[in-house]
Structures are given as structure tokens and as C-alpha cells.
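Residue-level structure breakdown
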Amino acid sequence: MKFLIAFAAIVAVALAAPADERDAQVTKYENDHKGIDGYNVAYETSNGIAGKEQAELRTFGDDVAAIVVRGSYSYTGADGQVYTVNYIADENGFQPEAAHIPRA
């Protein structure tokens, strides 16, 4: 009897487990490439991951130019909460901001 109860519990947990992340499908993808001047991209997946990013060429002096990127992504954590990260990558490096990321 104990074996049957344990087996039923294991089956219930296995059936309630989320689908394998490797089975996720891209449900939306947009890409607007602007050559050397930058790009815009956005995506969503069937497992709730989403992101968007835009980049533009900026000049930082007479002979210095670089792509500056701004964007965000979101995902559902193991706790069921949706987490969103906003970021910028520029002459000061990669700078993420989110409620769940500790600040110095």
C-alpha cells in the first residue's frame, strides 16, 4: 500500500512539472537591421520569455564611435513570479536594473 501511495505521488509530481524548456518555441520575432547605424529586435517564446533591444551608433569624440544598446527581457522564475531586467550597454559597460538584482 505504501508503495502505491509513493508511486502515485511521484506520478502526480511528474505530471505537474513544467514542460521541458528545450521544447519552447519562438512565437514572435521581429528584426529591423539598419546596417552600421543599429538595429531593433524583439522576441517572445512559448514558455513566457520575452525581450526587446534597440541599438544605435553614437559618436563619443572625434575618432570614437560605438553601438549603444538599450533593452529588456523578462522570464518566469521557478517561484512563478515574472522577472524583468532593463539594461543599457554603452561607454560605461553593461548596466542591468531590476527589482530582484541587488544594488551596491
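The present account deals with the structure reproduced in this document. Worth saying up front: this structure is predicted, and the values here are computed from it rather than measured. (Residues numbered from 1 in each chain as written. Predicted model: local features only at pLDDT ≥ 70, side-chain atom pairs only at ≥ 80, totals over all residues. Heavy atoms only, no water.)

1. Considerations on the pattern of salt bridges
Under the defined criterion, the tally for this structure stands at two salt bridges. Between arginine 58 and glutamate 56 there is a salt bridge, and its shortest N-O distance comes to 3.3 Å. Taking the relative accessible area as the measure of exposure, arginine 58 reaches 28% and is therefore partly exposed. According to the relative accessible area criterion, glutamate 56 is partly exposed, its value standing at 37%. (Salt bridge = Lys/Arg side-chain N within 4 Å of Asp/Glu carboxyl O. Buried < 20%, exposed > 50% of the residue type's maximum accessible area, 1.4 Å probe, protein only.)

2. What about a nonpolar patch on the surface?
Taken together, the side chains of Val26, Tyr29, Tyr43, Ile49 and Tyr73 present a nonpolar region at the surface, about 470 Å² in accessible area. Within the secondary structure layout, tyrosine 29 lies in strand E1 (residues 26-33). The exposure class assigned to tyrosine 29 is exposed, which follows from its relative accessible area of 52%. (Patch = residues over 30% accessible without salt bridge, like charges linked within 9 Å, V, L, I, M, F, W, Y side chains within 5 Å. Areas by Shrake-Rupley, 256 points an atom, 1.4 Å probe, with all protein chains shown as cover. Helix = DSSP H or I, 4+ residues; strand = E, 2+ residues; numbered from the N terminus.)

3. Brief notes about the sheet that holds strand E2 (residues 38-45)
Strand order in this open sheet of six strands is E1-E2-E3-E4-E5-E6, and the pairing throughout is antiparallel. With partners counted over all chains shown, the strands left at the sheet margins are E1 and strand E6 (93-97), one partner each. Each adjacent strand pair in this sheet contributes to an overall mean axis angle of 10°, direction not counted. Note: strand E3 (residues 50-59) against strand E4 (residues 65-76), ten bridges, orientation antiparallel. Note on E4: the bridge partner recorded for lysine 52 is serine 72. (Pairing = 2+ DSSP bridges. Axes fitted to C-alpha atoms, helices over the stretch in contact; angles between N-to-C directions.)

4. Details of the side chain of threonine 45
By the secondary structure assignment, threonine 45 is in strand E2. Residue classification places threonine 45 among the buried positions, given a relative accessible area of 19%. Side-chain polar atoms of threonine 45 contact the side chain of asparagine 47, separated by 2.4 Å. Aside from chain neighbours lying at most four places away, what touches threonine 45 is Gln25, Val26 and Thr27. (Polar contact = N/O pair within 3.5 Å; in protein donor to acceptor, adjacent residues only side chain to side chain. Contact = heavy atoms within 4.5 Å.)

5. Considering the environment of glutamate 44
One can find glutamate 44 in strand E2. Residues glutamate 44 and glutamine 25, 19 residues apart in the sequence, show an inter-C-alpha distance of 8.7 Å. When neighbours within four sequence positions are excluded, glutamate 44 is seen to be in contact with Gln25, Val26, Thr27, Lys28, Ile49 and Ala50.

Any functional reading would require information that these geometric values do not contain.
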